[in-house]
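Single-letter residue listing:
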Amino acid sequence: MPIHCVSFTTDYGLCDGFVAACHGVIARIAPSVRVIDVTHGIPPQQVRTGAEVLAQTVPYLPDGVHLAVVDPGVGTARRGVVVVTERGTLVGPDNGLLIPAAETLTGVIAAYELAAPEYRLPVTSSTFHGRDVFAPAAAHLALGVAPEEFGPRVDDLVRLPDPFVAVFPGKLVAEVLTVDHFGNVQLAASPADLELAGLSGTVSVSSEHVLVKALVGDTFGTVPPGWNVLYTDSAGKLAVAVNGGSASAVLGLGPAQECTITSSPTVS
């Protein structure tokens, strides 16, 4: 059946014509399809961050095709794939980017390699598969082409390793998953991890070189302007924020780095 919506997630940024070129390819193949831009601000080559942002967003999108490209292995032997779920299909590189979103959409039913030349552009660049391979595939899927028409079945999809979380009495160490536009730092840990560590009230939050106090609270306004708060974000993850500021800037933290939370803060 034809699909009316394609979502689009990349690390392309908006300073170049990359996003527009992909939009144009989709529009030329499937002009009636609506494209929803999730984000093009994924940090360059940060596959895990792209995977997390996509997984946290797709439950709120219409069922359809989800096109995602964070692809440091473009042009190498890594495969392009279409992944089928009960609530739509995902298109992109086989580097772990699509799997968390697929699991959010009730799990992987099947996957197929993007191998059929008739569903890509006639000339394929070795460095821009978003335009030449993935965008055409998404458009053809939206027109109703069956996923199995794109190529052989794939039963060994690449999966990212689990993000790092370690829980000890009075201490929680967690990998940073994402940093949003406001500088809020999302961790791989959950509120249950914080409880298991026995942490509450005022805690220490530290990166490799910086340590600050933070109050465990419900929202940014739990603390006065300029204060730090440790809260549960809209995706159910623990996150660090500064009320009116940037926790990422204060702590010097970005995706894939580690954040440590302990009791007995020593500095403000």
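The name given to the protein chain in an unreviewed UniProt entry is SAM-dependent chlorinase/fluorinase, with Amycolatopsis alba DSM 44262 as the source organism. Under Sequence similarities (unreviewed entry), UniProt gives the following word-for-word description of the protein chain: "Belongs to the SAM hydrolase / SAM-dependent halogenase family."

Undergrad: Describe the packing of helix α1 (residues 18-29) against helix α4 (residues 129-142), with residues and values.
TA: At a minimum axis separation of 9 Å, α1 and α4 run at an interaxial angle of 40 degrees. Regarding α1 and α4, the two cross each other, and that crossing is right-handed. Between α1 and α4, the residues in contact are Ala21, Cys22, Val25, Ile26 and Ile29 and Gly130, Arg131, Ala135, Pro136, Ala139 and His140, respectively. For the contact of α1 with α4, a count of residues per class yields eight nonpolar, two polar and one charged.

Undergrad: Report on the environment of Ser125, specifying residues and quantitative values.
TA: Among the secondary structure elements, Ser125 is positioned in the loop between β6 (110-113) and α4. Sequence spacing of Ser125 and Val74 is 51 residues, and the spatial spacing of their C-alpha atoms is 9.7 Å. Setting aside chain neighbours within four positions, we find Ser125 in contact with Arg131 and Asp132. Polar side-chain contacts of Ser125 include one of 3.4 Å to the backbone nitrogen of Phe128.

Undergrad: Lay out the pairing of strand β14 (residues 258-262) in plain terms, naming residues and giving numbers.
TA: Sheet topology places strand β8 (residues 171-179) next to β14; five bridges connect them, and they run antiparallel. The partner of Ala174 across the bridge, within β14, is Cys259. Of the pairings in the sheet, the one linking strand β10 (residues 202-206) to β14 comprises three bridges and is antiparallel in character. Bridged to Val205 within β14 is Ile261.

Undergrad: With reference to specific residues and values, describe the nonpolar core.
TA: Counting residues in each nonpolar core, the largest one holds 31 residues, and the members touching the most others are Val6, Leu67, Val91, Leu114 and Phe150. Of all the secondary-structure elements, those providing two or more residues to this core are β1 (5-10), α1, β3 (64-69), β4 (80-85), β6 and α4. Counting residues per element, this core draws most heavily on α4, which supplies eight residues. The contact partners of Leu67, leaving out residues within four places of it in the chain, are Val6, Ser7, Phe8, Thr9, Ile26, Val91, Phe134, Ala135 and Ala138. Core analysis: the second largest hydrophobic core is formed by 24 residues, Cys5, Ile42, Val81 and Ala102 among them.

Undergrad: Which residues make up the pattern of salt bridges, and what are the values?
TA: Oppositely charged side chains can form a pair if their charged atoms are brought close together. In this structure the tally under the stated criterion is eight salt bridges. In this structure, the salt-bridge partner of Arg131 is Asp132, at a minimum N-O distance of 2.5 Å. We classify Arg131 as partly exposed; its relative accessible area is 28%. Beyond isolated ion pairs, a larger network of salt bridges with shared partners links Arg79, Asp94 and Asp156.

How each quantity is defined
Residues numbered from 1 in each chain as written. Predicted model: local features only at pLDDT ≥ 70, side-chain atom pairs only at ≥ 80, totals over all residues. Heavy atoms only, no water. UniProt positions renumbered as here; feature names shortened; annotations may be inferred. Axes fitted to C-alpha atoms, helices over the stretch in contact; angles between N-to-C directions. Helix = DSSP H or I, 4+ residues; strand = E, 2+ residues; numbered from the N terminus. Left-handed = near helix turned anticlockwise from the far one by under 90°. Contact = heavy atoms within 4.5 Å. Nonpolar A, V, L, I, M, F, W, Y, C, P; charged D, E, K, R; others polar. Polar contact = N/O pair within 3.5 Å; in protein donor to acceptor, adjacent residues only side chain to side chain. Pairing = 2+ DSSP bridges. Core = buried A, V, L, I, M, F, W, Y, C linked by side-chain atoms within 4.5 Å. Buried < 20%, exposed > 50% of the residue type's maximum accessible area, 1.4 Å probe, protein only. Salt bridge = Lys/Arg side-chain N within 4 Å of Asp/Glu carboxyl O.

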